[in-house]
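# Structure assessment
Residues per chain are reported as follows:
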Amino acid sequence: MKQQVIKKNNTEQIVGMLFASIPLIGFIIFGLLPLIFSLIMSFSNVPSFNLKDMELYSFDSLFNNYKAIFSDEKFALAIKNTLLAMISLPISMILGLILAVILNQNIKGKRIFRTIFFIPYVCSIVALTLMWRTMLNKNYGIINQFLSVFGIEPIAWLTDPNYFMLGMIIMIVWCNTGFSLILYSAALTSINPSIYEAADMDGATSKRQFFKITLPLLSPTTFYLLIVGIISSLQEFTRFQAINAVNSNIISPTGPNDTGLTIVFYLYNKAFSESGALGEAAAIGWVLAIVTMILTAINFFVSKRWVYSSEKR
């Protein structure tokens, strides 16, 4: 009897381990192994997609791919464009906070407004980008039609390098503000109203309550939005590719004067548009990963000074 119980328990443990190991096996096959292989590629000469032609560099020229990308002016331009696009992050967070505070008041239909603002975030990025390409058109775009009311001449958003990035930032802010709004709204509803009641009894003004109570209590949400926003901003690619995908007026697929060339777009061009640059593309990926980890680590370190937690009470 005991042997049957032991055998049954062992069978259950084996079956349980098999089911539990499925995510681990999936990560090893689709995550860890490609990660290791891309690291090897970054130190190798990969002239084609035929991996038989891949050749690991000698020790003296091991960092050839890294030297090549850091000496390329377009890589510096891609970093610059990516950082410019990141301006949309604080703007969308501030707008999301303002809208969340407004909609947290006793306003009729505030759930509908939250839904409307959140819809752009969950819609297809490609579809939204194609829509914005029409809106930013110089001749018949609604943006220029609106600006003409104030006597502003039509702006070539898609072909003028001075305005291309500005148009992209406006589009990104419009798409991402809803995400900040939803998270801030959820955080505001979790704040105990008695805190504000106590502040009112002490004579604190609404402005003082916002900066001394609301903002500190929303700091964990702000920290999360900052981390997620930085990571997604560094990986910005789809919008910049789709905006010029079938635009015959733009000579370069990366925008006028390469103003739409982001780091991931640069990686994409190295991997699929330039022969023999797969090793450089892998090196770019690792540089981006390291930069992302460093920025994330810095944010976690600095957050100890400004993110509110119950342990600081």
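Placed above this text is the structure.
Counting restarts for each chain, with residues numbered from 1 along the sequence as it is written. The model is predicted, so local features are restricted to residues of pLDDT at least 70 and side-chain atom pairs to those at 80 or more, both for listing and for counting; the totals for chains, interfaces and linings are taken over all residues. Hydrogens and water are ignored here; the side-chain numbers use all heavy atoms of the structure.

The next point concerns the side chain of N65. In this text, helices come from DSSP runs of H or I with a minimum length of four residues, and strands from runs of E with a minimum of two, each type numbered from the N-terminal end. Structurally, N65 is set in helix α2 (residues 64-70). For every residue, the accessible area (1.4 Å probe, protein chains only) is compared with the maximum for its type, and the residue is labelled buried under 20%, exposed over 50%, or partly exposed between those bounds. For N65, a relative accessible area of 4% translates into the label buried. Any pair of N or O atoms that falls within 3.5 Å is considered a polar contact. Within protein, one atom must be able to donate a hydrogen and the other to accept it, and sequence-neighbouring residues count only if both atoms are side-chain atoms. Polar side-chain contacts of N65 include one of 2.9 Å to the backbone oxygen of S42. Between two residues, a contact is recorded if the distance between any of their heavy atoms is within 4.5 Å. Once residues lying within four places of it in the same chain are set aside, the contact partners of N65 are M41, S42, F43, S44, Y57, G279, E280 and A283.

Now for unusual backbone geometry. Phi at N257 is positive, roughly 55°, even though this residue is not glycine. Note on N257: relative accessible area 62%, which makes it exposed. Phi at D258 takes a positive value of approximately 60°, unusual for a residue other than glycine. Looking at where D258 falls in the secondary structure, it is placed in the loop between α11 (238-242) and α12 (263-272).

Turning our eyes to something else, we now look at the packing of aromatic side chains. Note on ring pairs: Phe, Tyr and Trp rings are taken, using the six-membered ring of Trp, and paired if centres are within 6.5 Å. Classes follow the plane angle, with under 30 degrees stacked, over 60 edge-to-face and the rest tilted. Summed over the entire model, instances satisfying the criterion amount to 17 aromatic pairs. Each ring, one from W157 and one from Y163, has its centre 6.0 Å from the other, and the planes form 75°; the classification is edge-to-face. Given a relative accessible area of 5%, W157 falls into the buried group. Overall, Y163 belongs to the partly exposed group, its relative accessible area being 33%. In textbook terms, an aromatic cluster arises when at least three aromatic residues are bridged by ring pairs, as seen for F237, F265, Y268 and F272.

Take the nonpolar core next. A general feature of soluble globular proteins is that nonpolar side chains tend to end up buried together. Remark: nonpolar core denotes a set of buried residues (Ala, Val, Leu, Ile, Met, Phe, Trp, Tyr, Cys) joined through side-chain atoms within 4.5 Å. Counting 50 residues, the largest nonpolar core has M168, Y184, L218, F240 and Y266 as the members making the most contacts within it. Those elements that place two or more of their residues in this core are α2, α3 (73-85), α4 (88-103), α6 (125-135), α8 (164-189), α10 (206-234), α12 and α13 (278-306). Here this core gets 13 residues from one element, more than from any other, and that element is α8. Residues in contact with Y184, not counting those within four places in the same chain, are M93, G96, L97, A100, L218, T221, T222 and L225.

This paragraph deals with a nonpolar patch on the surface. The patches reported here contain residues having more than 30% relative accessible area and no salt bridge. Joining distances are 9 Å for like charges and 5 Å for nonpolar side chains (Val, Leu, Ile, Met, Phe, Trp, Tyr). Surface accessibility in these figures is a Shrake-Rupley result with a 1.4 Å probe; residues are shielded only by whichever protein chains are displayed. Here, a salt bridge means any Lys or Arg side-chain nitrogen found within 4 Å of an Asp or Glu carboxyl oxygen. Together, L24, I25, F27, I28, I29, F30, L32, L33, L35, I36, I40 and L56 give the surface a local cluster of nonpolar side chains, amounting to about 1100 Å² of exposed area. Here the nonpolar patch gets eleven residues from one element, more than from any other, and that element is helix α1 (residues 2-42). Counting through the fold element by element, L24 comes out in helix α1. Residue L24 is classed as exposed on the basis of its relative accessible area of 51%.

This paragraph deals with the layout of surface pockets. Using protein atoms alone on a 1 Å grid, points that fit a 1.4 Å probe yet trap it form a cavity, whereas open point sets bounded by protein on both sides within 12 Å along at least five of seven lines form a pocket; residues with an atom within 4 Å of a point count as lining. Grid points are joined across faces, edges and corners, and a volume is the space filled by probe spheres set on the points. The calculated volume of the largest pocket comes to roughly 410 Å³. Every residue lining the largest pocket is counted, 23 residues in all, and those nearest its centre are Y121, N176, S232, E236 and R239. Broken down by secondary-structure element, the contributors of at least two residues to the lining of the largest pocket are α4, α5 (110-122), α6, α8, α10 and α11. Here the second largest pocket is characterised by a volume of approximately 340 Å³. For the second largest pocket, the full set of lining residues is V101, N104, Q105, L188, I191, P193, Y196, S206, Q209, F210 and T214. At the level of secondary structure, the elements contributing two or more residues to the lining of the second largest pocket comprise α9 (193-201) and α10.

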